[in-house]
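Commentary on secondary and tertiary structure
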Amino acid sequence: MIDPEINEILMQNKEHFVIPASRVATVQADNSLTHAFLVLTKVRYSKIPVLGADDQFEGLLSMPMITETMLGLEKLSFDKLDTLCVGDVMQTDVATIENPYDTEDVLHLLVDNPFLPVVADTGEFTGIVTRREWMKTFNHLVHTVRG
Ligand code: AMP
């Protein structure tokens, strides 16, 4: 269990915990891989959320999931990028959180994941919690706690 006084200091930074969905780069599950390839190249994030109808969270997409479909024996082929869609190659076993202020849960999951999608109980994607924002929160903590 996290010390309540420590948690109180962590929560002083709570307004920065979630990057809202409106500021997160995403692709749609029915987008072609050509479109997704262009998006990932432009945004420069290694993995981004995949959404379905009504902003439902569907999974995550990274460039290797796309380039895997391009591998031939001796050369790369772009042929499949127009016939396959994001939903065909995305990662679906994803750790998500419903409550971004559940410190215990978030810290545990951020050990193995650079970011966590925040998903409402309706399945709607509402934003992400990143390791980077949490590192800033820790920085605040270690400069605030007095022995
Ligand atoms: P960071 O901790 O800011 O380096 O972000 C870690 C990971 O979270 C990035 O590599 C991306 O996969 C994802 N991420 C962070 N910010 C965004 C964003 N605005 N849109 C999409 N993905 C993001």
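These remarks concern the structure in this document.

Conventions used here
Residues numbered from 1 in each chain as written. Predicted model: local features only at pLDDT ≥ 70, side-chain atom pairs only at ≥ 80, totals over all residues. Heavy atoms only, no water. Phe/Tyr/Trp six-rings, centres within 6.5 Å; stacked < 30°, edge-to-face > 60°. Lys NZ or Arg CZ within 6 Å of the ring centre and 35° of its normal. Axes fitted to C-alpha atoms, helices over the stretch in contact; angles between N-to-C directions. Helix = DSSP H or I, 4+ residues; strand = E, 2+ residues; numbered from the N terminus. Parallel < 35°, antiparallel > 145°, perpendicular 65-115°, else oblique. Left-handed = near helix turned anticlockwise from the far one by under 90°. Contact = heavy atoms within 4.5 Å. Nonpolar A, V, L, I, M, F, W, Y, C, P; charged D, E, K, R; others polar. Buried < 20%, exposed > 50% of the residue type's maximum accessible area, 1.4 Å probe, protein only. Pairing = 2+ DSSP bridges. Near = heavy atom within 4 Å. Polar contact = N/O pair within 3.5 Å; in protein donor to acceptor, adjacent residues only side chain to side chain. Areas by Shrake-Rupley, 256 points an atom, 1.4 Å probe, with all protein chains shown as cover.

Throughout the structure, instances matching the rule amount to 5 aromatic pairs. Every member of this aromatic cluster is reached through a ring pair, and the members are Phe 17, Tyr 101, Trp 134 and Phe 138. The ring of Tyr 101 has Lys 14 sitting right over it, with the charged end atom 4.5 Å from the ring centre.

The next thing to look at is the packing of helix α5 (residues 103-110) against helix α6 (residues 131-142). For the pair α5 and α6, interaxial distance at closest approach is 11 Å and the crossing angle is 120°. Taken together, the axes of α5 and α6 are oblique relative to one another. For the pair α5 and α6, the crossing hand works out as left-handed. Of α6, the residues touching α5 (which contributes Thr 103, Val 106, Leu 107 and Leu 110) are Arg 131, Trp 134 and Phe 138. For the contact of α5 with α6, the per-class residue count stands at 5 nonpolar, 1 polar and 1 charged.

Another aspect to go through is the pairing of strand β5 (residues 115-119). Most of β5 is tucked away, with 5 of its 5 residues classed as buried. What you see with β5 is no split at all: Phe 115, Pro 117 and Val 119 on one side and Leu 116 and Val 118 on the other are buried throughout. Sheet analysis places β5 next to strand β6 (residues 125-130), joined by 5 bridges and oriented antiparallel. Within β6, the residue paired with Phe 115 across the bridge is Thr 130. Between β5 and β6, which pair antiparallel and follow one another directly, the connecting turn spans 5 residues, one of which, Gly 123, has a positive phi of 95°.

Before going further, it helps to examine the site of the ligand. Close to the ligand lie Arg 23, Val 24, Ala 25, Tyr 45, Ser 46, Lys 47, Ile 48, Pro 114, Phe 115, Ile 128, Thr 130 and Arg 132. Between the ligand and Tyr 45, the relevant distance is 3.4 Å, taken from a nitrogen atom to a side-chain nitrogen or oxygen of the residue. The fraction of the free accessible surface of the ligand (480 Å²) that becomes covered by protein chains is 81%. Residue assignment for the shell around the ligand shows that the elements contributing at least two residues are β3 (47-51) and β6. For the shell around the ligand, the class distribution of residues is 7 nonpolar, 2 polar and 3 charged.

This brings us to the side chain of Thr 103. Secondary-structure assignment places Thr 103 in helix α5. Each residue touching Thr 103, except ones within four places of it in the same chain, is listed here: Ile 2, Asn 7, Leu 10, Met 11 and Trp 134.

One open sheet accounts for 3 strands, arranged β1-β6-β5; its pairing is antiparallel. Of all the strands in the sheet, just β1 (18-20) and β5 have a single pairing partner and so form its edges. If you compare each strand with its neighbour and ignore which way they point, the axes differ by 30° on average. Contacts from α5 reach β5 and β6 within the one sheet, and its direction differs from that of β5 by about 140°.

These figures come from the coordinates and say nothing about function on their own.
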